Amino acid sequence: MIETLLQRWHQLSSRERRLLGVALGFAGMAAAYLALIEPAWNGRDAVQARLPALRDQVAQADLMVGDVRRLSAAAAAAPRPSLQAVRVRLEQSLESAGLRPALQQIQATESLIDLRFRSVPFAVWMAWLDTALRETRLRVADLSVTRDSEAGLVSVRMVLELPGSDRR
């Protein structure tokens, strides 16, 4: 195959060889442009089109970081609630959630509140826990959940810690 191409090349006049060389050069440059330059150019255009939206997102994130810093500084400066006040709020939230009958024990010591539930509906207890933690800013220090024989009921032993306490 190569021999036949070489024979045809030698049969061409010098002017035809020059023209064919120029045509092959243009074809090579077009292939290089399509393979190397155009994808990079299109990618650059796509990045520049997305850049304003990304800058807006960065500005929003910076605002959120400022808000978080301001709120965390305010939370750190806020007075720590008393253990008794938090206990009263927990008892009120238990009453409003309908979990008071399942509560076996609530005991407050230092910065900890020990709660024990027996045969409490799991979904109701989880909803109460989520709300109580958000409202009181308590932290779960210890938790044990045991499934009861009846479907959907659990026994819970948990220890909640006051916000800002130095125990770890």
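Residues numbered from 1 in each chain as written. Predicted model: local features only at pLDDT ≥ 70, side-chain atom pairs only at ≥ 80, totals over all residues. Heavy atoms only, no water.

### A few points about the pairing of strand β3 (residues 139–147)
Argument step 1. Summarising the sheet, β3 and strand β4 (residues 153–161) pair through eight bridges and their orientation is antiparallel. Bridge pairing in β4 places aspartate 142 opposite valine 159.
Argument step 2. Counting the residues between successive antiparallel strands, the hairpin from β3 to β4 contains five residues, one of them, glycine 152, with a positive phi of roughly 85°. (Pairing = 2+ DSSP bridges. Helix = DSSP H or I, 4+ residues; strand = E, 2+ residues; numbered from the N terminus.)

### Let's talk about a nonpolar patch on the surface
Argument step 1. A contiguous nonpolar patch, built from Tyr33, Leu34, Leu36 and Ile37 and spanning about 430 Å² of accessible area, is present on the exposed surface.
Argument step 2. Counting through the fold element by element, leucine 34 comes out in helix α2 (residues 14–77).
Argument step 3. Exposure remark for leucine 34: the relative accessible area of 52% places this residue in the exposed category. (Patch = residues over 30% accessible without salt bridge, like charges linked within 9 Å, V, L, I, M, F, W, Y side chains within 5 Å. Areas by Shrake-Rupley, 256 points an atom, 1.4 Å probe, with all protein chains shown as cover. Salt bridge = Lys/Arg side-chain N within 4 Å of Asp/Glu carboxyl O. Buried < 20%, exposed > 50% of the residue type's maximum accessible area, 1.4 Å probe, protein only.)

### A word on the sheet that holds strand β2 (residues 112–121)
Argument step 1. Strand order in this open sheet of four strands is β1-β2-β4-β3, and the pairing throughout is antiparallel. In this open sheet, the two edge strands, each paired with only one partner strand, are β1 (103–109) and β3. Neighbour-to-neighbour, the strand axes of this sheet turn through a mean angle of 10°, independent of strand direction.
Argument step 2. Seen against the sheet, helix α3 (residues 83–97) touches β1, β2 and β4 and runs at an angle of roughly 10° to β2.
Argument step 3. Packed onto the sheet, helix α4 (residues 122–136) meets β2, β3 and β4 and runs at close to 155° relative to β2. (Axes fitted to C-alpha atoms, helices over the stretch in contact; angles between N-to-C directions. Contact = heavy atoms within 4.5 Å.)

### Considering the packing of aromatic side chains
Two aromatic rings, taken as a pair, are described by how far apart their centres are and by the angle between their planes.
Argument step 1. Applying the stated criterion across every chain, the model contains two aromatic pairs.
Argument step 2. With 5.8 Å between their ring centres and 65° between their planes, phenylalanine 117 and tryptophan 128 make a pair best called edge-to-face. With phenylalanine 117 in strand β2 and tryptophan 128 in helix α4, this pair connects stretches of sequence that are eleven residues apart. One exposure class covers both phenylalanine 117 and tryptophan 128, and it is buried.
Argument step 3. Here arginine 44 stacks its cationic end above the ring of tryptophan 41, 5.2 Å away from the centre of that ring. (Phe/Tyr/Trp six-rings, centres within 6.5 Å; stacked < 30°, edge-to-face > 60°. Lys NZ or Arg CZ within 6 Å of the ring centre and 35° of its normal.)

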